[in-house]
Amino acid sequence: MRGAIVTGGSRGIGRAIALELGRLGYGVLVNYVSQPDAANEVAAHLKEAGGMAVSVRGDVASARDRAMLIRTAVEKFGRLDLLVNNAGITSPGRKDLLEATEENWDLVFNTNLKGPFFLSQLAAREMVRQVREGTIPSGKIINVSSISGYAVSATRADYCMTKAAMGMMTRLFAQRLADEKIAVFEICPGVIESDMTAPVKAKYDKLIAEGLYPIRRWGRPEDVAKAVAAIVLDYFPFSTGQRFDVDGGFHIRSL
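Before going into details, it helps to say that this report is about the structure given with it. Residue indices follow the written sequence of each chain, beginning from 1 at its first position. Since the coordinates come from a predicted model, pLDDT governs what is reported: local features require at least 70, and pairs of side-chain atoms require 80 or more to be given and counted, while whole-chain, interface and lining totals use all residues. Excluded from the side-chain calculation are hydrogens and water; included are all heavy atoms of the structure.

## A closer look at the state of the cysteines
Between two cysteines, a covalent bond joining their sulfur atoms is known as a disulfide.
Part 1 of the argument: The rule for a disulfide is simple: a pair of cysteine sulfur atoms within 2.5 Å. Summed over the entire model, instances satisfying the criterion amount to zero disulfides.
Part 2 of the argument: Here Cys160 stays unpaired: no disulfide links it, and the sulfur of Cys188, its closest cysteine neighbor, is 11 Å away.
Part 3 of the argument: Each residue is placed in one exposure class: buried if its accessible area under a 1.4 Å probe, protein chains only, is under 20% of its type's maximum, exposed if it is over 50%, and partly exposed if it falls in between. Judged by relative accessible area, Cys160 falls into the buried class, the value being 9%.
Part 4 of the argument: Among the residues examined, Cys188 registers a relative accessible area of 1% and is labelled buried.

## Looking at the layout of surface pockets
Part 1 of the argument: Only protein atoms enter the 1 Å grid used here, on which a cavity is any set of points holding a 1.4 Å probe that cannot leave and a pocket is any open set flanked by protein within 12 Å on both sides along at least five of seven lines; residues with an atom within 4 Å of a point are listed as lining. Grid points are joined across faces, edges and corners, and a volume is the space filled by probe spheres set on the points. If you add up the space inside the largest pocket, you get close to 1,200 Å³.
Part 2 of the argument: Every element with two or more residues in the lining of the largest pocket is listed here: α1 (12–23), β2 (27–32), α4 (102–133), α5 (157–177) and α6 (201–209). The helix and strand labels rest on DSSP assignments: H or I over at least four residues marks a helix, E over at least two residues marks a strand, and numbering proceeds from the N terminus.

## Side note on the nonpolar core
Part 1 of the argument: The nonpolar core is taken to be a set of buried Ala, Val, Leu, Ile, Met, Phe, Trp, Tyr and Cys residues, with the residues joined through side-chain atoms within 4.5 Å. Among the nonpolar cores identified, the biggest contains 33 residues, and Ile17, Leu21, Val28, Leu82, Val84, Ile142 and Ile187 are the most heavily contacted of them.
Part 2 of the argument: Val56, Ala73, Phe77 and Leu83 belong to the second-largest nonpolar core, a separate cluster that totals 27 residues.

## A look at the pattern of salt bridges
Part 1 of the argument: Salt bridge, as used here: a side-chain nitrogen of Lys or Arg that lies within 4 Å of a carboxyl oxygen of Asp or Glu. Under the definition given, this model contains eleven salt bridges.
Part 2 of the argument: Here Glu41 ties to Arg15 by a salt bridge, and the two come within 3.2 Å at their closest N and O atoms. Residue Glu41 is located in helix α2 (residues 36–48), and its partner Arg15 is located in helix α1; the two are separated by 26 residues in the primary sequence.
Part 3 of the argument: Given a relative accessible area of 29%, Arg15 falls into the partly exposed group.
Part 4 of the argument: Asp245 is paired through a salt bridge with Arg243; the nearest N and O atoms lie 3.0 Å apart.
Part 5 of the argument: Shared partners join several salt bridges into a network, and the residues in it are Glu126, Arg129 and Glu133.

Set out below in structure tokens:
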């Protein structure tokens, strides 16, 4: 059974991705930090459907926890075919750019960028080893970023900057790992219904109705999960480093 790690897999986009991977026959390590009941529910659902799953607490900002996630996945599934870097946090307090704090900066950058970078490094090393040994035919890393990587928000500078950097991180790993049969992709969600966007629901209800982007509805976690499915099903065998926009057309510039 192919093995996958989904960070931040207990809720929202991560939960939808974990469930979709289970339907595709992956064993899934459902990573979480603060919601064990939700993560256990996802793992139980996957097991009830006949798959393999384990919920594992781990903070991607911690080097020890990152190593533990890789080790646990390999021990549980015997192989590691896929890493989905989904875990992330928004800017605490959504402070104005001129009021931003170093404390929040460190927290957001450690979780949203440093953690995924070094977890990808560990996963890539393991995938390279397994490809060379013949345990897996190829590997994939998928980074879940955001339209905030190119659409500025002066009250979330740290968040926007981490997501912008994730795009470059995707291309760097894609270039480095292509000869090792490991493809790397970025999925760029737009405004998605989740607990992260719940505090600004009224704001975006109005903007969406007024035509913020062409497809006038909220995005759903399942929309992002379907993009992940398309990638892991090898519908893009001659692509790597590609960004897939799942944003209702927000990226389209119009007059």
